[in-house]
Amino acid sequence: MSTIRIVEVGPRDGLQNERRVLGHQTRAELVRRLAAAGLREIEVGSMVRPDLVPQLADTDRVLADVADLSLDRSIVLVPNRRGLERALEAGAPAVAVFAAASDTFNRRNIGRSTEDALAEFAAVAAAALAAGVPVRGYASTIFGCPFEGAVTSAQVVPLVEAMLEMGCYEVSLGDTIGVGTPEQTHLLVEDVARAVGLERIAVHMHDTQGRGLINTLTALDLGVPAADTSVGGLGGCPFAGEGATGNLATESLVAALAQRGQAVDVDLAALTDTADWILRELAHDPT
Ligand code: MG
């Protein structure tokens, strides 16, 4: 069995909605600790406007601080062409773009229709690839949207196809508000696989209703090769409700895979220590 790839999203997705704003040194320290625990693909920050998301200000300095780490991928989220310019200036090794399967979510979250968002991201992807920088895609609200309600495969599959066509090396399927079930996961993965195969698909499951782990394992068992997780389970979605549990915790997935004999090359003790440390930095109760 090939090794499952874990994409650690804590330093970006995990921190972006936290009340306590961490400085770039602490965020770089988080990336450093995650790398030391064995994580090879880490989303280190975002090039969004610091007045909108102060939690991720100075991502260029985080990148500079962790440039000596030999990660397989350090990924920086970019919301538009201007963000890509800043990411390229900062030497981002990889970038990520994001759009929701729900048109209303795109209009509310990024102020653009899905069509307009895809046009912008196609330009971003083309410019990134021309600069030799690989692009990851996030397709969010795969099972449900806080504004539209249920989302179907018929909305998700064309978005995944569009992101792969624009050159994304992988598209991560995100259950942004954490409403999916294992049965829905099974059906969606089958529908996506029928359209584009599984090699370039990842899952990004949220734990809002306690199903992040089972949904992720369901997808992995169907042959999805990669999963996004966040150390300490950091990262709710502001649209999923105040204080909603967010991303599946990296340590939960690593522990579950180890129990199933699918060991990943991550030091669970070091990872758990890192979760405890960052939760203290954020003044959360430890898990
Ligand atoms: Mg997330």
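Residues numbered from 1 in each chain as written. Predicted model: local features only at pLDDT ≥ 70, side-chain atom pairs only at ≥ 80, totals over all residues. Heavy atoms only, no water.

A. Region of the structure containing the overall build of the protein chain. A count of helices and strands for the protein chain gives 11 helices and 10 strands. Relative to the 2.2 N^0.38 estimate, which gives 19 Å for 287 residues, the radius of gyration of the protein chain is 17 Å and therefore close to what a compact globule would have. In terms of its C-alpha atoms, the protein chain occupies a principal-axis envelope of roughly 45 × 40 × 35 Å. The buried share of the protein chain, reckoned over its 287 residues, is 54%. As presented, the protein chain carries roughly 11500 Å² of accessible surface, and 49% of it is formed by carbon and sulfur atoms. Taking the average location of the 23 positive side-chain charges in the protein chain and that of its 38 negative ones, the two points are 4 Å from each other. (Helix = DSSP H or I, 4+ residues; strand = E, 2+ residues; numbered from the N terminus. Rg over C-alpha atoms; globule rule 2.2 N^0.38 Å. Buried < 20%, exposed > 50% of the residue type's maximum accessible area, 1.4 Å probe, protein only. Areas by Shrake-Rupley, 256 points an atom, 1.4 Å probe, with all protein chains shown as cover. Lys, Arg positive; Asp, Glu negative; His and termini not counted. Charge placed at Lys NZ, Arg CZ, Asp CG, Glu CD.)

B. Inspection of the packing of aromatic side chains at higher detail. Following the criterion strictly, the structure yields two aromatic pairs and no others. Both rings, one in Phe105 and one in Phe147, keep their centres 6.1 Å apart while their planes meet at 40°; by these two values the pair is tilted. Of the two residues, Phe105 is situated in helix H5 (residues 103-110) and Phe147 in the loop between strand E6 (144-145) and strand E7 (149-150); the sequence distance between them amounts to 42 residues. A relative accessible area of 4% means that Phe105 is categorised as buried. Residue classification places Phe147 among the partly exposed residues on the basis of a relative accessible area of 29%. The ring of Trp277 carries the charged tip of Arg33 above its face, separated from the ring centre by 4.0 Å. The cationic tip of Arg73 hangs over the ring face of Tyr169; the distance from NZ or CZ to the ring centre is 3.9 Å. (Phe/Tyr/Trp six-rings, centres within 6.5 Å; stacked < 30°, edge-to-face > 60°. Lys NZ or Arg CZ within 6 Å of the ring centre and 35° of its normal.)

C. Looking closely at the coordination of the magnesium ion. Within the first shell, the magnesium ion binds the protein through Asp13 (OD), His204 (NE2), His206 (NE2) and Asn247 (OD1), at distances of 2.1 to 2.2 Å. Each donor residue of the magnesium ion lies on one chain, and together they are spaced D-x190-H-x1-H-x40-N. For His204, a relative accessible area of 7% puts it in the buried group. (Donors = N, O, S within 2.8 Å, 3.2 Å for Na, K, Ca; no water.)

D. Focus on the layout of surface pockets. Empty space within the largest pocket amounts to approximately 850 Å³. For the largest pocket, the lining is made up of 34 residues, of which Arg12, Gln16, Leu77, Phe98 and Asn109 are closest to its centre. Broken down by element, the residue count for the lining of the largest pocket peaks at four residues, all from H5. Residues that form the lining of the largest pocket fall into these classes: 15 nonpolar, 12 polar and seven charged. (1 Å grid on protein atoms, 1.4 Å probe; cavity = no way out; pocket = protein on both sides within 12 Å on 5 of 7 lines; lining within 4 Å. Points joined across faces, edges and corners; volume = space filled by probe spheres on them. Nonpolar A, V, L, I, M, F, W, Y, C, P; charged D, E, K, R; others polar.)

E. Representation of the environment of Cys168. Counting through the fold element by element, Cys168 comes out in the loop between helix H7 (153-165) and strand E8 (170-174). Sequence separation between Cys168 and Val7 is 161 residues, and the spatial gap between their C-alpha atoms is 15 Å. When neighbours within four sequence positions are excluded, Cys168 is seen to be in contact with Val97, Val135, Arg136, Gly137 and Met163. (Contact = heavy atoms within 4.5 Å.)

F. How the structure looks around the pairing of strand E1 (residues 5-8). Relative to strand E10 (residues 226-229), E1 runs parallel, the two sharing four bridges. Following the sheet pairing, Arg5 is matched in E10 by Ala226. Where E1 meets strand E2 (residues 41-46), two bridges bridge the pair, whose relative direction is parallel. Pairing of Glu8 across the sheet is with Ile42, part of E2. (Pairing = 2+ DSSP bridges.)

G. How the structure looks around the side chain of Thr250. For Thr250, the position within the fold is in helix H10 (residues 250-259). Residue Thr250 is classed as buried on the basis of its relative accessible area of 0%. Within the structure, the side chain of Thr250 is placed 2.6 Å from the side chain of Glu8, a separation counted as a polar contact. (Polar contact = N/O pair within 3.5 Å; in protein donor to acceptor, adjacent residues only side chain to side chain.)

H. Quick peek at the side chain of Glu41. Tracing the chain through its elements places Glu41 in strand E2. With a relative accessible area of 5%, Glu41 lands in the buried category. A polar side-chain atom of Glu41 sits 2.6 Å from a polar atom in the side chain of Arg5. Separated by 3.3 Å, the side chains of Glu41 and Arg73 make a polar contact. With residues up to four places along the chain from it excluded, the contact list for Glu41 reads Arg5, Ile6, Val7, Glu8, Asp72 and Arg73.

I. Representation of the sheet that holds strand E4 (residues 94-100) in the model. Taken in spatial order, the eight strands of this closed barrel run E1-E2-E3-E4-E5-E8-E9-E10, and their pairing is parallel. For this sheet, the mean angle separating the axes of adjacent strands, direction not counted, is 30°. Inspection of the sheet shows E2 paired to strand E3 (residues 73-77) by five bridges, in the parallel sense. Bridge pairing in E3 links Glu41 to Arg73. On top of the sheet, helix H6 (residues 114-130) reaches E4 and strand E5 (135-140); it is set at about 170° to E4, its chief contact. (Axes fitted to C-alpha atoms, helices over the stretch in contact; angles between N-to-C directions.)

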